[in-house]
Amino acid sequence: MTVMNTAATSSGDGSWLSALADWVVSLMDTIGPAGAAVAVGLDNLFPPIPSEVVLPLAGLAASRGSFTLAEAIGWTTFGSVFGAYILYVLGRVLGADRLTRIAEKLPLMKGEDITKTVRWFERHGSIAVFFGRMVPLFRSLISIPAGVSKMHWWKFGLLTTAGSLLWNSIFVLAGFFLGENWHIVEEYAGVFQNIVIVVVVALVAWFLFVRIRAVVRHRRESTEDAAG
């Protein structure tokens with residue numbers, strides 16, 4: 001039985017996650033553990049692709065003998081680091097000055113937002129990069145300020161590798177030992193990702209509320225001053 005057939009019978013609910021699972025395992029059936037690396041790397045560039053679904057499937061494939069457990073962990077970690085470096089380079093290319101100019105032209109944004117973010121990252125960047133690898137959405141976003149703040153490439157790589165290796169190993173091992181019940185991991189990972197999304201949406205909503213209120217207050221004060 002191929003890994004594809006196992007995944008299909010384990011998660012055949014017709015959801016987009018099932019389609020993703022089928023696509024991932026088809027990659028692994030075709031090109032081996034490198035397929036898992038490609039999928040995990042894409043998670044960094046396209047956060048809606050959850051590596052918490054891809055990783056247990058790599059463990060499942062290892063349990064089926066498609067490749068070794070060490071290959072599953074090694075290749076998925078390579079994919080994580082490679083994808084992170086793409087966004088890191090993007091941050092380096094953009095730079096703080098260019099992002100500041102862009103922010104100044106955007107509604108409700110200020111150049112000082114970029115400056116504050118860079119300063120925060122310079123103080124807490126090491127912790128943010130390491131633990132950011134374990135949080136959906138943030139595992140992608142954290143690479144950009146690392147590049148913008150010009151964190152040394154080897155330090156970024158070391159922290160990213162360490163965080164990714166720890167996180168990936170947990171999910172790959174879960175898929176390895178759970179076997180055909182790998183989708184249990186998907187259920188809990190989905191809850192975790194939804195919590196993160198809700199928190200992010202709440203923070204964005206609060207940011208917009210504060211900025212819009214500040215703009216309205218400024219316009220009101222300007223109107224009162226002009227009338228006075």
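Engineer: What's the story with the nonpolar core in this structure? I'm lost.
Structural biologist: Where a protein is soluble and globular, its nonpolar side chains tend to be buried together. In this structure, Val24, Met28, Leu57, Phe67 and Ala72 are the most contacted members of the largest nonpolar core, which totals 24 residues. Broken down by secondary-structure element, the contributors of at least two residues to this core are helix H2 (16–31), helix H3 (33–45), helix H4 (51–63), helix H5 (69–105) and helix H9 (153–178). At eight residues, H4 tops the list of elements feeding residues into this core. Apart from residues no more than four positions distant in its own chain, Phe67 is found in contact with Met28, Gly32, Pro33, Ala58, Ala61, Ala62 and Ala72. Counting residues in each nonpolar core, the second largest holds ten residues, with Val129, Ile142, Ala146 and Leu159 among its members.

Engineer: Quick question: what am I supposed to make of the packing of H4 against H9 here?
Structural biologist: Two quantities define a packed helix pair, namely the angle between the axes and the distance from one axis to the other. Here H4 crosses H9 at 50°, and the two axes come no closer than 6 Å. It follows from the interaxial angle that H4 and H9 lie oblique. Here the hand of the crossing between H4 and H9 comes out right-handed. The segment H4 lies against H9, with Glu52, Leu55, Pro56, Gly59, Leu60, Ala62 and Ser63 engaging Trp167, Asn168, Phe171, Val172, Gly175 and Phe176. Its residues assigned to classes, the contact of H4 with H9 comprises eight nonpolar, four polar and one charged.

Engineer: Hey, could you run me through the side chain of Ser164 in this one?
Structural biologist: On the secondary structure map, Ser164 appears in helix H9. Contacts of Ser164, omitting those with residues within four sequence positions, involve Thr77, Ser80, Arg133 and Ser169.

Parameters at a glance
Residues numbered from 1 in each chain as written. Predicted model: local features only at pLDDT ≥ 70, side-chain atom pairs only at ≥ 80, totals over all residues. Heavy atoms only, no water. Core = buried A, V, L, I, M, F, W, Y, C linked by side-chain atoms within 4.5 Å. Buried < 20%, exposed > 50% of the residue type's maximum accessible area, 1.4 Å probe, protein only. Helix = DSSP H or I, 4+ residues; strand = E, 2+ residues; numbered from the N terminus. Contact = heavy atoms within 4.5 Å. Axes fitted to C-alpha atoms, helices over the stretch in contact; angles between N-to-C directions. Parallel < 35°, antiparallel > 145°, perpendicular 65-115°, else oblique. Left-handed = near helix turned anticlockwise from the far one by under 90°. Nonpolar A, V, L, I, M, F, W, Y, C, P; charged D, E, K, R; others polar.

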